[in-house]
Every structure is written in C-alpha cells, then in structure tokens.
Amino acid sequence: MKNLSIENITRACGGTFHGDESILSQEVSGVVIDSRKVQPGYLFVAIDGERVNAHKFIPDTVKAGAMCVVSHEDLGETDFPYILVESTGQALLDIAKLYRDSFDMKVVGITGSVGKTSTKEMIASVLAQKLGNFNNEWGLPITIFDMPEDTEVAVLEMGVNHFGEMRRLSSVSSPDICVITNIGIAHLEFFKTREGILQEKSQMIQDMKNGILNGDDDLLCKMSPVKGVAPVFFGTGSNCAFRADNIEPQGLRGTSCTITLKDGTSFDCLVPVPGIHMVSNAVAGAAVGYTLGLTASEIKAGIESLPSIPGRNHIIETDHMIILDDCYNANPISMKASIDVLNMAIGRKVAVLGNMGELGDTAEVLHAEVGTYAAQQNVDLVCGIGDLTHALVEEASRGTHTQAFWFADNESFIQAIPDIIKDGDNVLVKASHGMNFPQIVHALEEL
C-alpha cells in the first residue's frame, strides 16, 4: 500500500517499533482490525471491543502471515514485530490519515442525523457518470484502507454519537466538500439537544473548501461563513442555490421533479427510489456533481440510475406482497419518512416497526409520536416489536382506521405472519440496526 511502510506507520502513530528492523522499509499490503481477515503481508491493529480483548487474537494473525501488529499492550520479547502505541484506536486513525494523504484525489464527507447513507449512494451514483474510481462504503478508516491506488474521488460517510468524534474523523479524511444532510434528533442520549448535534456535526466544516448544507433545515440554513468560506445550500427553498421544484410522487416508482443548478440550468428527472426525502438527496448529489465539474446531463443520468440498496427503501415484490425494506436503521424522523413512503402504495398498508435506540429519556415519548403519526396517516396495520414499542402501539391503536398489535420479539411476530399479513399487502419493515429486522424481511419473502 502506497506510503504504508512499517517505518512510516510507526512514525505516523507515534509508536515504538519492536522487532527485526530489516522490515522497516517494507510496505504492508493491507490494514485490518478483524483478525479473521488477515492475509500475508497485512498489518493487524488490535482494537478491543466492549467484551472482547482483540490482543488475544494476535497469535492467530501472526500464523496467518501478518507482517506486523499494532498493540497498546506491551507484548515484551516476541518472535514477531509489533508497534507499541498508547491507543490502537487513535493509531488506526493516524495510519488512515497517512494513507489518505498519499492520494491526489477529492474527498466528499457526508454527515447528518438522517439520510447519510442514501445521500452517499446518490452522490456516488452521480459521480460514477464521469469519475470511474471512487469509494462509497461506510466505516471511515477501513474505507480509506480499501481504496485502490487509482481512486479519484472518495465519498465518505461520517457518523458520530459523542462529542469530539467529528473533529477526529474530519482531520483524518480532510474533506474537500462537506455535505450535511440535516440536524435531527438522533443520538439525543449523548447530545441532549438538536443544538448539541449541530455543534458536533458542524465541526466537519471547520477546514472546508466547499460546504454544501441542507437549506431546508431550520438550523443549517442559519449557518454563517466559516473562516471566510460561505456554505452553499441545497433544498426546495428560495435560499437554495441548488433547488428542486415541481415535485410529484410517482408511487413506489419514485418521485419526479425539476432540479435547478447554481448557474440556472434546470432539468426534469425521476428519482427512482420512493420517498419525497429522496428528492433532497438527489439535489445534494447534483450540488456535489456540479462542484466537481459534471454537466447537467451527467448529473441527471446519475440520479436516474441510482440502484436500490437492501435495508434502505429497497422495494421487494413477491407473489403475495410488496415489501418496503428500510430496516438498516431508524430514528423518529426517518421512521416518519418511511411511513410517508408506505402511504404512497396502492392497497392495504402495514408498518412493522421495531425499537429505535439511543433516544435516552425521550424514548417513550418519541416512540409514541411515531405511533400517533402512523394513525394520522391511516396505516391499516401497525405491528410493534420490542419493549420500546409499547407506547407506539398504544398510540397507533387510537386511530380510527388503524389496527395495532405488539410483539415481544422477532420470532413472535414471524409466527403470527400467516394470521395477520394478507395477499396484496404493502409492508414497511423498519427498526434500529440492533433489532436484526433483515430476519423479518426474509420471513416475509418466504411467505
């Protein structure tokens, strides 16, 4: 890997090298934190999990051919080389920074409370029309290590849930373009208020060259210039340099709209993933594409060729139903947005909703609000799964046209599927990642 010699790595992470110094000039062929992925010539960074000490797997990585190991434990005299550091987590970021700086490329950094991944995929689809080699996978340091040496543009998702994390990630990725999708109410357990979230998310733009912010967000639209660089806004309002109008839902086929670019050029297009919120992602993609020199026709082609992604507004048609698989993750804003998408369907509408995590003391109230919203949208059947959905189901059942059931776990719901799901149903499946709702999607597909 370019520039990743053992000597450079040791210097970058402020470590102390132990072992045969003849390998200092050699470059590693890969960097991993999962011991099972080690191949000959790799560097293994031993990052401990909540319940697992990764250092106990070091012997396995040596047997698998690791060239060197990064450890925060003093391993003493060993027969294999290692770099001793104070923190392997920080070392991983330092090494990723070293590798990122070896590239002559553009970096697009994306953050926000909702829509980071779908916006990332939209931007990647737009950029693919002109820039053939770019990265669009999540997991910042590992993403950087996975970049091929001919990468022209990296699209990096930067998610945080504690104060201070964004500055560290931003210093590693050094984004040329910063995109902030919105300031929602995710991770309130740690940030307490939306203003706290804004404070943390906005750390990404402290060193920005181009800032592209959602002008429809009530907090982002008030952002002032940073170090003399004024942000550019995207959205639907008159304050937005990149704007969508003539927005018309086309059912589960997507949404048609007209997108106007900063220079006044406009074009009609179909955003091929259902949900009005996807129009905002399309305009963000248009803004990034335009900033990187793409033409209007290239931007339009990129938007209209967006592939669907399992777990994120992914439409699955079976012989018995249409499944809206949006189970990758959830918070109150994205949950309501998915209910809006479900409401576009023709026929009976079923929402299978699970726990939303990291909501702190507001969890019960926010789950109840989602239940109320589902009833207001006349969802025919709401199925709540998990302990936090009690309030959701209770509020949904108050709706005149809404039937609601509660299930303790996935298995309880799966057993009830034949009794409550009907032929021709449109079924939304959504919950926080830890609920393992792909299991439910699979069960519905098998019906």
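The model shown is predicted, which means the values in this text are computed figures rather than measured ones. (Residues numbered from 1 in each chain as written. Predicted model: local features only at pLDDT ≥ 70, side-chain atom pairs only at ≥ 80, totals over all residues. Heavy atoms only, no water.)

Draft legend 1. Representation of the side chain of Asn 214. Secondary-structure assignment places Asn 214 in strand S10 (residues 210-214). Asn 214 gets classed as buried once you look at its relative accessible area, which sits at 8%. Setting aside residues no more than four positions away along its own chain, Asn 214 makes contact with Ile 180, Thr 181, Asn 182, Leu 220, Cys 221, Phe 233, Phe 234 and Ser 280. (Helix = DSSP H or I, 4+ residues; strand = E, 2+ residues; numbered from the N terminus. Buried < 20%, exposed > 50% of the residue type's maximum accessible area, 1.4 Å probe, protein only. Contact = heavy atoms within 4.5 Å.)

Draft legend 2. Examining helix H14 (residues 410-420) more closely. By the burial criterion, the buried members of H14 are Asn 410, Phe 413, Ile 414, Ala 416, Ile 417 and Ile 420. Looking at the buried side of H14, the elements it contacts are strand S17 (349-354), strand S18 (381-385), strand S19 (403-407), strand S20 (425-430) and helix H15 (438-446).

Draft legend 3. Structural detail: the nonpolar core. By size, the foremost hydrophobic cluster in this structure holds 51 residues, and its most contacted members are Leu 4, Ile 6, Val 28, Val 31, Leu 43, Ile 83 and Phe 145. By residue number, the principal contributor to this core is helix H3 (residues 88-100), which donates 7 residues. Excluding residues that lie within four positions of it along the chain, Leu 4 makes contacts with Ile 9, Gln 26, Glu 27, Val 28, Val 31, Ile 95, Leu 98, Tyr 99 and Phe 145. In terms of nonpolar packing, the next biggest core, distinct from the first, is built from 36 residues, Val 108, Val 283, Ala 286 and Leu 294 among them. (Core = buried A, V, L, I, M, F, W, Y, C linked by side-chain atoms within 4.5 Å.)

Draft legend 4. Representation of the packing of aromatic side chains. This model, assessed by the stated rule, comprises 4 aromatic pairs. Residues Tyr 99 and Phe 145 carry aromatic rings whose centres are separated by 6.4 Å and whose planes lie at 35° to one another, so their mutual orientation is tilted. Within this pair, whereas Tyr 99 is found in helix H3, its partner Phe 145 is found in helix H5 (residues 140-145), the two being separated by 46 residues in sequence. For the pair Tyr 99 and Phe 145, one class covers both residues: buried. Aromatic side chains Phe 407 and Phe 413 sit 5.5 Å apart centroid to centroid with 80° between the ring planes, which places their arrangement in the edge-to-face category. Phe 407 sits in the buried class, given a relative accessible area of 11%. Through a chain of ring-to-ring contacts, three or more aromatic side chains come together here, namely Tyr 99, Phe 103 and Phe 145. A cation over a ring is seen here: Lys 2 above Phe 103, with NZ or CZ 4.7 Å from the ring centre. (Phe/Tyr/Trp six-rings, centres within 6.5 Å; stacked < 30°, edge-to-face > 60°. Lys NZ or Arg CZ within 6 Å of the ring centre and 35° of its normal.)

Draft legend 5. Just the environment of Val 382, in detail. Counting through the fold element by element, Val 382 comes out in strand S18. Val 382 gets classed as buried once you look at its relative accessible area, which sits at 0%. Along the primary structure Val 382 and Gln 403 are separated by 21 residues, whereas in three dimensions their C-alpha atoms are 6.3 Å apart. Ignoring anything within four residues of it in the chain, the contact list for Val 382 reads Ala 351, Leu 353, Ala 374, Leu 392, Ala 396, Thr 402, Gln 403, Ala 404 and Phe 405.

Draft legend 6. Here's a closer look at the pattern of salt bridges. Going through the model one piece at a time under the given rule, you end up with 11 salt bridges. The residue Glu 157 makes a salt bridge to Lys 120 at a minimum N-O spacing of 3.3 Å. In this pair, Glu 157 sits in strand S8 (residues 153-157) while Lys 120 sits in helix H4 (residues 116-127), placing the two residues 37 residues apart along the sequence. Pair check on accessibility: Glu 157 and Lys 120 agree, each one buried. Among the ionic contacts, a cluster of salt bridges with common partners joins Glu 394, Glu 395 and Arg 398. (Salt bridge = Lys/Arg side-chain N within 4 Å of Asp/Glu carboxyl O.)

Draft legend 7. The arrangement of the sheet that holds S20 in detail. Read from one edge of the open sheet, 6 strands run S15-S16-S20-S17-S18-S19, paired in mixed fashion. Each of the sheet's edge strands pairs with one partner strand only, and the pair in question is strand S15 (314-317) and S19. Pairs of neighbouring strands in the sheet enclose a mean axial angle of 15°, with direction left out of account. Bridge analysis of S17 against S20 gives 5 bridges, and the strand direction is parallel. In the strand pairing of S20, Val 352 is matched with Val 429. Running over the sheet, H15 touches S15, strand S16 (321-325), S17, S18 and S20 and is turned about 165° from S16. (Pairing = 2+ DSSP bridges. Axes fitted to C-alpha atoms, helices over the stretch in contact; angles between N-to-C directions.)

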